[in-house]
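In case you want the letters, here they are:
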Amino acid sequence: MRTYISREYITELQAIHLLRALKKYFTLSKLSAITRIDETIISKYINGHIIPHYGKAKSIITALLSHPDVNNYLNNIIDAYLRANINRYPDILPLINSNVDLIIYLTLRLIEKLINIKITRLITVEGGGLFIASIISSYLSVNLSYCIRDKYIPDSYVEYIHKENPFYSSFLSLVTANLSSKDYVLIVDDVIVTGETIKTVYRLIRRTNAKIIGAAVLFVSNTEIVKTLSDELNMDIIYEFSLF
């Protein structure tokens, strides 16, 4: 049975992971000045000794995200580890290796939007999307399955990807036993650039007769691709950050 988690608790965790992400660049003194919270308390939040209550967590997030130095840092790290390679190999693994707490923070923001949606299974693709889907699966207590890239698997469905880049995978495989017609499926991925991966996963799920309720991703190349893909597949696409 699915366990429901409160939005308030998710917000409290967001504040902690955002502070941890920024501690890689900012001093405790700087974070204290931005949030107007004592350095000792900031340190306890970062080290997990205490958790800020909901109201305090909201004020921490608001103060941090409204500060220009914080916004510059976040944009610079996304530039360096994601935007720079978006047309060659769009994957958040380099960003995960650089600042995993930033990815967890953004994933928690996605989770906040998914709390009241009926989901029985997540489907993703091996790679950065699997990391995100694992976090969502854990917090929402939802089953998780994933597609394998460029490998034939016994008792699986296979769909070929319309490749627009030689670095992209050629096809995806999904084990047939992982889904049933009773499932309510959310597609999860790390980045949408052309939308071809999402469309391929969509076709795989359709072959199982499961109900596809939409997709959730952290990054999209631009808002236009989201609208185009959403209209074509007739489903909602939730995302956190548009790169361009």
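Residues numbered from 1 in each chain as written. Predicted model: local features only at pLDDT ≥ 70, side-chain atom pairs only at ≥ 80, totals over all residues. Heavy atoms only, no water.

A look at the sheet that holds strand 1 (residues 121–125)
In step 1: What the 7 strands build is an open sheet, ordered 3-4-2-1-5-6-7; its pairing is mixed. Taken across any chain shown, the strands that pair with only one partner, and hence form the sheet edges, are strand 3 (156–160) and strand 7 (236–242). Across this sheet, the average inter-strand angle for adjacent strands is 20°, counted without regard to direction.
In step 2: Pairing between strand 1 and strand 5 (residues 184–192): 3 bridges, direction parallel. For Arg121, the partnering residue across the bridge sits in strand 5 and is Val185.
In step 3: The strands that helix 9 (residues 196–206) touches are strand 1, strand 2 (143–149), strand 3, strand 4 (171–175), strand 5 and strand 6 (211–220); relative to strand 5, the one it contacts most, it runs at about 165°. (Pairing = 2+ DSSP bridges. Helix = DSSP H or I, 4+ residues; strand = E, 2+ residues; numbered from the N terminus. Axes fitted to C-alpha atoms, helices over the stretch in contact; angles between N-to-C directions. Contact = heavy atoms within 4.5 Å.)

As for the pattern of salt bridges
In step 1: Considering all chains together, one arrives at 10 salt bridges under this definition.
In step 2: In this structure, Glu240 engages Arg109 in a salt bridge whose closest nitrogen and oxygen atoms are separated by 2.8 Å. With Glu240 in strand 7 and Arg109 in helix 7 (residues 100–114), this pair connects stretches of sequence that are 131 residues apart.
In step 3: Using a relative accessible area of 24% as the deciding quantity, one classes Arg109 as partly exposed.
In step 4: Between Glu159 and Arg207 there is a salt bridge whose closest N-O contact spans 3.2 Å. (Salt bridge = Lys/Arg side-chain N within 4 Å of Asp/Glu carboxyl O. Buried < 20%, exposed > 50% of the residue type's maximum accessible area, 1.4 Å probe, protein only.)

Thoughts on the nonpolar core
In step 1: Judged by nonpolar contacts, the single largest core of 56 residues is most densely connected at Leu22, Leu64, Ile92, Leu140 and Phe219.
In step 2: Per-element accounting of this core gives the leading share, 9 residues, to helix 7.
In step 3: What Leu64 contacts, discounting residues up to four positions off in sequence, is Leu18, Leu19, Leu22, Leu31, Ile34, Thr35 and Val70.
In step 4: One finds Cys147, Val217, Val220 and Met235 within the second-largest nonpolar core, a separate group that totals 26 residues. (Core = buried A, V, L, I, M, F, W, Y, C linked by side-chain atoms within 4.5 Å.)

Some remarks on helix 2 (residues 28–35)
In step 1: Within helix 2, the full set of buried residues consists of Leu31, Ser32, Ile34 and Thr35. What you see down the axis of helix 2 is that its buried residues fit within an arc of 165°, all on one side.
In step 2: Against the buried residues of helix 2 lie helix 1 (7–23), helix 3 (39–46), helix 4 (54–65) and helix 5 (68–81).
In step 3: In the stretch just after helix 2, Arg36 is the one whose phi turns positive, near 60°. (Arc of directions from axis to C-beta.)

With respect to the environment of Arg36
In step 1: With respect to the helices and strands, Arg36 occurs in the loop between helix 2 and helix 3.
In step 2: A relative accessible area of 79% places Arg36 in the exposed class.
In step 3: Between the C-alpha atoms of Arg36 and Ala63, which are 27 residues apart in sequence, the distance is 8.7 Å.

A few points about the environment of Ala215
In step 1: By secondary structure assignment, the location of Ala215 is in strand 6.
In step 2: Ala215 sits 13 residues away from Tyr202 along the chain, and the two C-alpha atoms are 9.4 Å apart.

A short note on the layout of surface pockets
In step 1: A volume near 290 Å³ is recorded for the largest pocket.
In step 2: Lining the largest pocket are 18 residues, and of these Pro90, Arg149, Tyr168, Val191 and Thr197 lie nearest its centre.
In step 3: Those elements that provide at least two residues to the lining of the largest pocket are strand 5 and helix 9.
In step 4: It is strand 5 that provides the largest number of residues to the lining of the largest pocket, a total of 4 residues.
In step 5: Of the residues assigned to the lining of the largest pocket, the class counts are 9 nonpolar, 4 polar and 5 charged.
In step 6: Considering only enclosed or pocket space, the second largest pocket measures out at about 180 Å³ in volume.
In step 7: Surrounding the second largest pocket, Leu65, Asn71, Leu74, Asn75, Ile78, Leu102, Tyr105, Leu106, Arg109, Glu240 and Phe241 form its lining.
In step 8: Every element with two or more residues in the lining of the second largest pocket is listed here: helix 5, helix 7 and strand 7.
In step 9: A per-class count over the lining of the second largest pocket returns 7 nonpolar, 2 polar and 2 charged. (1 Å grid on protein atoms, 1.4 Å probe; cavity = no way out; pocket = protein on both sides within 12 Å on 5 of 7 lines; lining within 4 Å. Points joined across faces, edges and corners; volume = space filled by probe spheres on them. Nonpolar A, V, L, I, M, F, W, Y, C, P; charged D, E, K, R; others polar.)

Let's talk about helix 4
Since the α-helix packs 3.6 residues into each turn, any two residues three or four apart lie on the same face.
In step 1: Over its 12 residues, helix 4 extends 17 Å from the first C-alpha to the last, a length consistent with the 16 Å expected when each residue adds 1.5 Å.
In step 2: Residues Ala57, Ile60, Ile61, Ala63 and Leu64 constitute the buried set of helix 4. Down the axis, helix 4 shows its buried residues gathered within 165° of arc, on one side only.
In step 3: Against helix 1, helix 2, helix 3, helix 5 and helix 7 lie the buried residues of helix 4. (Expected span 1.5 Å × (residues − 1).)

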